[in-house]
Amino acid sequence: MTESITITDNRTGESLEIPIANGGVDAADWRKLLPGIWFHDPGLATTSGAESAITELDGENGILRYRGYPIEQLAEKSTFLEVSYLLLHGELPTQQQSDEWVNEITHHTYLHDKFRRKMYDSFHYDAHPMGLLCSNVAGLSTFYPGSKDIDDPSIRMEHAVRLIAKMPTLATSAYRHSVGQPFVFPDNTLDYASNFLRMMFEVGNPYEVDPAFQRAMEVLLILHADHEQNCSTTTARVVGSSHTDPYTAMSAACAALYGPRHGGANEAVLNMLDGIGSYENVEPFIEGVKAGNERLMGFGHRVYKNYDPRARIIKEAAHDVFAVTGTNPLLDIALKLEEAALSDEYFISRKLYPNVDFYSGLIYESMGFPRNMFTVLFAIGRMPGWLAHWNEMLDQDSRIARPRQLYTGEAERDYVAMGDR
Ligand code: SDX
């Protein structure tokens, strides 16, 4: 059996054999036989937009690997900065490479003071932190005009380091602006996760980082670090393909992540659980979902048609946090909701399982994060993944993203004077 397909244009009887390679067929071959005929795939559900060596998903079997390493092993044994290095460089760092990488990131955590004052003070106190993050990531491009030199790989890496390093500072500044607290400057003696927690929660007295919180933060950031061609990563690649600078490309990715169908789901899950309110309301809510009146946030996935491996790991990590904080009262409702859904034909037939967002918010809330910060946490984690794909796309010298369309509008017609309309 040859690994190929044969297509025939029945209008002409002409046929063409196209090889199947790496799980796909090349549209350039398709164009030879059918110029002007487009694949119509608005949600890009059956379209490959890139060749990538960064992350591998197997949706049927619930497998996720970064550069070949299983997510379960990275979550257990690695750190977020090590995973960031892996995603961007393709290999786990040696001790020397790791020391240099951590030193680089640690010494780029500060924001220009004028940026910090002007960019935050211009927002209302109750501005959603994701709105600030999208704006501020783009605003950083005005401080680093040299980042436009995207043809130089060393320049790309220099600003990738800045973006990874500054995300916790941008995020915590957005939060502290929203609660009227003074900003806390980075402490370069702390590791990445501890520095982030301290900048979030230190008020007056020195903030003691609980080891369980530090490890939970590392695991959560690792789990969110990449996920192949998801909506926000595709956005980073599409916007980056116009050869804009990395700050504006990553700001576009932040904007895509903000949506409740994507990274905004973790915040939506907690609001959904609040709305359900009690055990007794779980079954009526499930019926509402099946009737199409509700959406079970934190469930379903374009790729995973099995349990999202990240959801399983987060569920385990939750116990370590709850051992410190006490269980989140909404956990019981979430567990009941999962149990009801996984045994119901509506969800089974549609292969709807918990995804990464179903349990993450419960941990974040128990750690003291307000719900409007949940997607910001997702963005901190996903930044290295976005940057790795942006970098890979530029290394591949990809063409500018410009899909075609199927026109369904009016045929040519003449202008109609106002009096004749
Ligand atoms: C993330 O792509 C990624 O990798 C994303 C992500 C990452 O790491 O980057 O994994 C992170 O975004 C996770 C997903 C978080 N979003 C949510 O939890 C929001 C709720 N989920 C859905 O909106 C939905 O499942 C999506 C958006 C995640 C996936 O949408 P698809 O692939 O377009 O699926 P679909 O909407 O075509 O649904 C197929 C069927 C439909 O039923 P029918 O029309 O066939 O009757 O399943 C139903 C949908 O109505 N369905 C749901 C459902 N999700 C799908 N029904 C109820 N509740 C849901 N959550």
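Refer to the structure presented above.
Summarised in this report is the structure supplied together with it. (Residues numbered from 1 in each chain as written. Predicted model: local features only at pLDDT ≥ 70, side-chain atom pairs only at ≥ 80, totals over all residues. Heavy atoms only, no water.)

**Points about the overall build of the protein**
Counting secondary structure elements, the protein contains 18 helices and 5 strands. Computed over its C-alpha atoms, the radius of gyration of the protein comes to 23 Å, within 12% of the 22 Å expected for a compact globule of 421 residues. In terms of its C-alpha atoms, the protein occupies a principal-axis envelope of roughly 80 × 65 × 60 Å. Put simply, the protein has 421 residues, and 49% of those count as buried. (Helix = DSSP H or I, 4+ residues; strand = E, 2+ residues; numbered from the N terminus. Rg over C-alpha atoms; globule rule 2.2 N^0.38 Å. Buried < 20%, exposed > 50% of the residue type's maximum accessible area, 1.4 Å probe, protein only.)

**Considerations on the packing of aromatic side chains**
For the structure shown, the criterion picks out 16 aromatic pairs. Their ring planes at 70° and their centres at 5.0 Å tell us that Y346 and F347 sit as a pair that is edge-to-face. F347 gets classed as buried once you look at its relative accessible area, which sits at 1%. Considering the side-chain rings of F358 and Y359, the 4.9 Å spacing of their centres and the 85° angle between planes classify their relative orientation as edge-to-face. A residue is classified by how much of its surface remains accessible, and F358, at 0% relative accessible area, is buried. Three or more aromatic residues link up through ring pairs in this structure, and these residues are F196, F201, Y207, Y364, F369 and F374. A cation sits over an aromatic face here: R350 above Y346, 3.8 Å from the ring centre. (Phe/Tyr/Trp six-rings, centres within 6.5 Å; stacked < 30°, edge-to-face > 60°. Lys NZ or Arg CZ within 6 Å of the ring centre and 35° of its normal.)

**Here we look at the pattern of salt bridges**
Overall, the coordinates contain 16 salt bridges when judged by the stated rule. Each of D113, R116 and R117 takes part in one network of salt bridges that share partners. (Salt bridge = Lys/Arg side-chain N within 4 Å of Asp/Glu carboxyl O.)

**Some details on a nonpolar patch on the surface**
Among the surface-exposed residues, I5, I20 and V25 lie close enough to one another that they form a single nonpolar patch of about 190 Å² accessible area. Tracing the sequence through the fold places I5 in strand 1 (residues 4-9). According to the relative accessible area criterion, I5 is partly exposed, its value standing at 30%. (Patch = residues over 30% accessible without salt bridge, like charges linked within 9 Å, V, L, I, M, F, W, Y side chains within 5 Å. Areas by Shrake-Rupley, 256 points an atom, 1.4 Å probe, with all protein chains shown as cover.)

**Quick word on the side chain of E392**
Its place among the elements puts E392 in helix 18 (residues 374-395). In this structure, E392 is in contact with E51, S52, A53, I54 and R237, ignoring residues within four places of it in sequence. (Contact = heavy atoms within 4.5 Å.)

**Brief notes about helix 8 (residues 192-201)**
Within helix 8, 10 of the 10 residues are buried, which leaves the element mostly enclosed by the surrounding structure. Here the buried face of helix 8 lies against helix 3 (80-89), helix 4 (95-106), helix 7 (153-178), helix 9 (211-223), helix 17 (357-367) and helix 18. A side-chain oxygen of the first residue of helix 8 lies 3.0 Å from the backbone nitrogen of A193; this N-cap is D191. (Polar contact = N/O pair within 3.5 Å; in protein donor to acceptor, adjacent residues only side chain to side chain.)

**Re the site of the ligand**
Close to the ligand lie 23 residues, the nearest being H227, R295, H301, R302 and R310. R310 is positioned such that a nitrogen or oxygen atom in its side chain is 2.6 Å from an oxygen atom of the ligand. Between an oxygen atom of the ligand and a side-chain N or O atom of R350, the distance comes to 3.2 Å. Starting from 1,000 Å² of accessible surface for the ligand in isolation, the protein chains cover 74%. By residue class, the composition of the shell around the ligand is 9 nonpolar, 7 polar and 7 charged. (Near = heavy atom within 4 Å. Nonpolar A, V, L, I, M, F, W, Y, C, P; charged D, E, K, R; others polar.)

**Topic: the side chain of N230**
Structurally, the position occupied by N230 is in the loop between helix 9 and helix 10 (231-240). By relative accessible area, which is 12% here, N230 ends up buried. Within the structure, N230 has its side chain in polar contact with the side chain of R382 (distance 3.3 Å). Apart from the residues within four sequence positions on either side, N230 is in contact with H262 and R382.

**Re the packing of helix 8 against helix 9**
Closest axis-to-axis distance for the helix 8/helix 9 pair is 9 Å, and the angle between their directions is 110°. Relative to helix 9, the element helix 8 lies roughly perpendicular. Contact with helix 8, carried on its side by Y192, A193, S194, F196 and L197, involves F213, Q214, M217, E218 and L221 of helix 9 and no other residues of that element. (Axes fitted to C-alpha atoms, helices over the stretch in contact; angles between N-to-C directions. Parallel < 35°, antiparallel > 145°, perpendicular 65-115°, else oblique.)

**Re the nonpolar core**
Residues Y66, M217, M250, M272, L296, L337 and F369 are the most contacted members of the largest nonpolar core, which totals 115 residues. No other element matches the 13 residues that helix 18 contributes to this core. When neighbours within four sequence positions are excluded, Y66 is seen to be in contact with I54, T55, I71, L74, V83, L86, L87, I222, L223, H224, A225 and D226. If you look at the next biggest cluster of nonpolar residues, it comprises 5 residues, including I18, W30, L33 and L34. (Core = buried A, V, L, I, M, F, W, Y, C linked by side-chain atoms within 4.5 Å.)

**Re the pairing of strand 2 (residues 14-19)**
With 6 bridges joining them, strand 1 and strand 2 adopt antiparallel strand pairing. Residue pairing in the sheet places I5 in a bridge with I18 of strand 2. If you look at the hairpin formed by strand 1 and strand 2, you'll find 4 residues sitting between the two strands, and G13 has a positive phi there, around 80°. (Pairing = 2+ DSSP bridges.)

**As for the packing of helix 15 (residues 331-342) against helix 17**
The interhelical angle for the contact between helix 15 and helix 17, taken along N-to-C directions, is 170°, at an axis separation of 11 Å. Judged by the inter-axis angle, helix 15 sits roughly antiparallel to helix 17. Taking contact as the criterion, the partners of L331, A334, L335, L337 and E338 in helix 15 are, on helix 17, F358, Y359 and L362. Considered class by class, the residues forming the contact of helix 15 with helix 17 number 7 nonpolar, no polar and 1 charged.

**Structural notes on helix 7**
Between its first and last C-alpha atoms helix 7 spans 37 Å; for 26 residues at 1.5 Å apiece the expected length is 38 Å, and the two agree. Along helix 7, the sharpest change in direction is near 40° and occurs at K166; proline P168 comes one to four residues later. Most of helix 7 is tucked away: 23 of the 26 residues are buried. Count one or two residues on from helix 7 and you reach G180, which has phi positive near 70°. (Expected span 1.5 Å × (residues − 1). Bend = angle between axes of the 7 residues up to and from the residue.)

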